[in-house]
Every structure is written in C-alpha cells, then in structure tokens.
Amino acid sequence: MRNGTKILILTLFAAMFCGLYLFQGLNGSYDYALPRRGIKVLAMVITGIAIAYSTVIFQTITHNRILTPSIMGLDSLYLLLQTVVIFFLGSSHVMIVNKHVNFILSITAMIVFALLLYQFLFKSGKRPIYFLLLVGIIIGTFFGSISTFLQVLIDPNEFMLVQDKMFASFNNVSGDLVWWALGIVGFTLVIGWRSMNDLDVLSLGRDTAINLGVSYDKVVKKTLILSSVLIAVSTALVGPITFFGLIVANLSYQFFKTYKHSVLILGASVMSIIALVGGQWVVERIFTFSTTLSVIINFVGGIYFIYLLLKESRST
C-alpha cells in the first residue's frame, strides 16, 4: 500500500473519531455542548501535532528512536515553576488563577531555559549532541528533585492544585489559549517545514550531511529550538504527556517505512490525533472520567518504551 493511501485511511479514521466525539450524545445541546467539545478537539489536534512533529525531528538529530524532547527537562521545569509559584505565592495568586498569565509565563520560562541551555553549550565549542542530552537529563532530574521537596512541604489543600498540573488534561482548556497555541504552533510549523529536505539528509549522519552541503550545526540548532517551542506550547496548554511522542513517532516509523520526514511527520500527527481524540472518548464514555487520558498514555507508553529497549538490546 502506498504511503499516500495509508495517510488517507488514517485521516478518515481521525475524522471519524473527531465526529464521534463531537456529535455523540448531544441531545440537541448544539449551542452549549458543541462549541465546548470543538475547543477540546482543537486542543487535542494542536497538542498531537506539536508533540508528533517535535519528537520526530528530535529523534532525527539525535539518531535515537527512544528519546523524546522531554529528556531536555522542559516538563520538569514546567512542574517546578507551578510548584514554586503555589508554594511561595499561594494558589490565589494571579499567576495561578489567571490562565492567560500562567500560559505566557510557562511558555516564556521553558523557551528561555532552552535557548540559554543551547547557547551555553554550543558557545563552549563543538559539543556532541549527546553531551547536550546528558546535561538536559541532569538538569531535569535536579528540577524534579526540587519540585518533590517543595511538594512534601506544601499545604495539602494547595498540593491538590499542584497535582492537577502533573497530568495532562483537556477538560478545562481555555478557548482563548487554544487559539493562541494554534497561532504559535502554526507559525512554528511553517518555519520548520522549509527544513524538511535538510532533515532527510540529516538522518544519514553528521559527516554525510556535511559532505552533501547541509549546514549541520545551523540545522541542529534550529531544530532544537523549534522542538522546544512546540513542547513548551503543548505542555503549557494541557500539561506534560511523557511517553506520547515516543509512541506515535515509532508507530509512524514502523507503519510508513520511509526516510521522508514529510510523510513520517504527517503520519505521526494523524496517529496522534486518533490516539488523543479516541482516547479521550474512551475516558469520557467508557471509564466515565474515573481516570485521565495522560495516565493511560503514560502506562501504555511505559510498556512500549520497555519493549523498544529490549528490542534494541537484542539487535545489538
């Protein structure tokens, strides 16, 4: 089956799940329920595309299919920021109560952190990409330790707010923030799409890419920044989803079996929409909100991550 046909079939499934989620059980509440469901679906589409795109391009520059942009510590920074604000300023502070302020603060903090990290490491010399990943792991662990320490000391009532920030949720997404996120993600994708051919060459390795005329360091820096922006937006919008990008990216590799990133990213994006919208429908209709979508994704993703590790160890 051709890749175009596969993408078309996946798109039809995505449209089917979106229609099922939007219109099932409306019972005539078109003015009230339908716009709210539409905002949730749009948030899931934005989040899915952002995570899928950022994970595929991140794995391309690292040449490792079990890594995700979360390894840079952005998720840990987001949780640390929320914990610090609630711990020192209280849950009634404008940074927590006002979702717009919290959204802007979270995105700004994560992007500035990523830019400073990249600037420091790349300015120090020709550092290998794995050195950057190692630093990201250490900083992420450090942020996580501080967050855990403060969460132990925090007031139990306010800890409930911190706990809500630990898991991604589409139930209380603000409509205004969704449109803001759509603009940022759309602008980022337009910039990134111009480098699609460079990513195809980059997947051959650093030396080969340089010999073929690709400005390797420039493309890597640009890709890392784009990946950080997309992860920052998706995390600030709905919260952290640790293993989701790992799942959809590797499923796209296995399903399409091509080197072209235009196909891989598009396929991973459509798969992510199916997973998020279909998973949210299952959470609401079958589990009746007894669990959250992020818990299911992290559970399935954790198992899939172990499978990939065992698969890689056997191949070596």
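In this text the structure is predicted, and so the values were computed from the model without any measurement. (Residues numbered from 1 in each chain as written. Predicted model: local features only at pLDDT ≥ 70, side-chain atom pairs only at ≥ 80, totals over all residues. Heavy atoms only, no water.)

Draft legend 1. Local environment of the side chain of glutamate 284. Along the chain, the position of glutamate 284 falls in helix H13 (residues 261–285). Its relative accessible area of 15% is what places glutamate 284 among the buried residues. Side chain to side chain, glutamate 284 and glutamine 280 meet in a polar contact 3.0 Å long. In contact with glutamate 284, not counting residues within four places along its chain, are Tyr21, Lys40, Asn171 and Phe289. (Helix = DSSP H or I, 4+ residues; strand = E, 2+ residues; numbered from the N terminus. Buried < 20%, exposed > 50% of the residue type's maximum accessible area, 1.4 Å probe, protein only. Polar contact = N/O pair within 3.5 Å; in protein donor to acceptor, adjacent residues only side chain to side chain. Contact = heavy atoms within 4.5 Å.)

Draft legend 2. Summary view of helix H6 (residues 129–153). For H6, spanning 25 residues, the distance from its first C-alpha to its last is 37 Å, which sits close to the expected 36 Å at 1.5 Å a residue. Ile129, Leu132, Leu133, Val135, Gly136, Gly140, Phe143, Ser147, Leu150 and Gln151 are the residues of H6 that are buried. (Expected span 1.5 Å × (residues − 1).)

Draft legend 3. Inspection of empty space enclosed by the protein at higher detail. Counted by the stated rule, this structure contains 3 cavities of 30 Å³ or more. The computed volume of the largest cavity comes to approximately 100 Å³. As for the largest cavity, its lining consists of 16 residues, and the residues nearest its centre are Ile51, Ser70, Ile231, Ser234 and Ile241. At the level of elements, helix H2 (33–62) and helix H11 (216–238) are the ones that each hand at least two residues to the lining of the largest cavity. At 4 residues, the largest contribution of residues to the lining of the largest cavity is made by H11. Partitioning the lining of the largest cavity into residue classes produces 6 nonpolar, 9 polar and 1 charged. The space that makes up the second largest cavity amounts to roughly 40 Å³. Along the walls of the second largest cavity sit Tyr53, Ile57, Gly192, Ser195, Leu199, Val219, Lys222, Thr223 and Leu226, which together make up its complete lining. Going through the elements one at a time, H2 and H11 are the ones with two or more residues in the lining of the second largest cavity. (1 Å grid on protein atoms, 1.4 Å probe; cavity = no way out; pocket = protein on both sides within 12 Å on 5 of 7 lines; lining within 4 Å. Points joined across faces, edges and corners; volume = space filled by probe spheres on them. Nonpolar A, V, L, I, M, F, W, Y, C, P; charged D, E, K, R; others polar.)

Draft legend 4. Quick look at the pattern of salt bridges. Going through the model one piece at a time under the given rule, you end up with 1 salt bridge. The closest approach of N and O atoms between glutamate 284 and lysine 40, which form a salt bridge, is 2.7 Å. Highlighted residues: glutamate 284 in helix H13 and lysine 40 in helix H2, separated in sequence by 244 residues. (Salt bridge = Lys/Arg side-chain N within 4 Å of Asp/Glu carboxyl O.)

Draft legend 5. Helix H1 (residues 3–23), seen in detail. Given a rise of 1.5 Å per residue, 21 residues ought to cover 30 Å, and the 30 Å separating the end C-alpha atoms of H1 matches this to within 8%. Close packing links the buried residues of H1 with H2, helix H12 (244–256) and H13. Glycine 25, located one to two residues past H1, shows a positive phi value of around 75°.

Draft legend 6. Looking closely at the packing of aromatic side chains. Applying the stated criterion across every chain yields a total of 6 aromatic pairs. Relative to phenylalanine 88, the ring of phenylalanine 87 lies with its centre 4.9 Å away and its plane at 80°, an arrangement referred to as edge-to-face. Classification of phenylalanine 87 by relative accessible area gives partly exposed; the value is 28%. The aromatic ring of tyrosine 253 is capped on one face by arginine 65, whose charged end is 4.0 Å from the ring centroid. (Phe/Tyr/Trp six-rings, centres within 6.5 Å; stacked < 30°, edge-to-face > 60°. Lys NZ or Arg CZ within 6 Å of the ring centre and 35° of its normal.)

Draft legend 7. Here's a closer look at the nonpolar core. By size, the foremost hydrophobic cluster in this structure holds 88 residues, and its most contacted members are Met72, Leu132, Phe170, Leu202, Leu224 and Leu237. With 14 residues, the top contributor of residues to this core is H2. In contact with phenylalanine 170, other than residues within four places in its own chain, are Lys40, Ala43, Met44, Thr47, Val238, Leu276, Gln280 and Leu293. The next biggest cluster of nonpolar side chains, apart from the first, holds 6 residues, and it includes Leu81, Val85, Ile96 and Val162. (Core = buried A, V, L, I, M, F, W, Y, C linked by side-chain atoms within 4.5 Å.)

Draft legend 8. Representation of the layout of surface pockets in the model. Here the largest pocket is characterised by a volume of approximately 730 Å³. Along the wall of the largest pocket there are 30 residues; nearest its centre are Asp164, Lys165, Ser169, Asn172 and Val238. Of all elements in the fold, only helix H4 (94–97), helix H5 (99–123), helix H7 (156–166), H11 and H13 reach the threshold of two or more residues within the lining of the largest pocket. Top element by residues in the lining of the largest pocket is H7. It accounts for 4 residues. Within the lining of the largest pocket, the residues separate by chemical class into 16 nonpolar, 11 polar and 3 charged.

Draft legend 9. Region of the structure containing a nonpolar patch on the surface. A cluster of nonpolar side chains, contributed by Met1, Ile9, Phe13 and Met16, occupies part of the molecular surface with about 420 Å² of accessible area. Along the chain, the position of methionine 1 falls in the segment before H1. For methionine 1, a relative accessible area of 68% translates into the label exposed. (Patch = residues over 30% accessible without salt bridge, like charges linked within 9 Å, V, L, I, M, F, W, Y side chains within 5 Å. Areas by Shrake-Rupley, 256 points an atom, 1.4 Å probe, with all protein chains shown as cover.)

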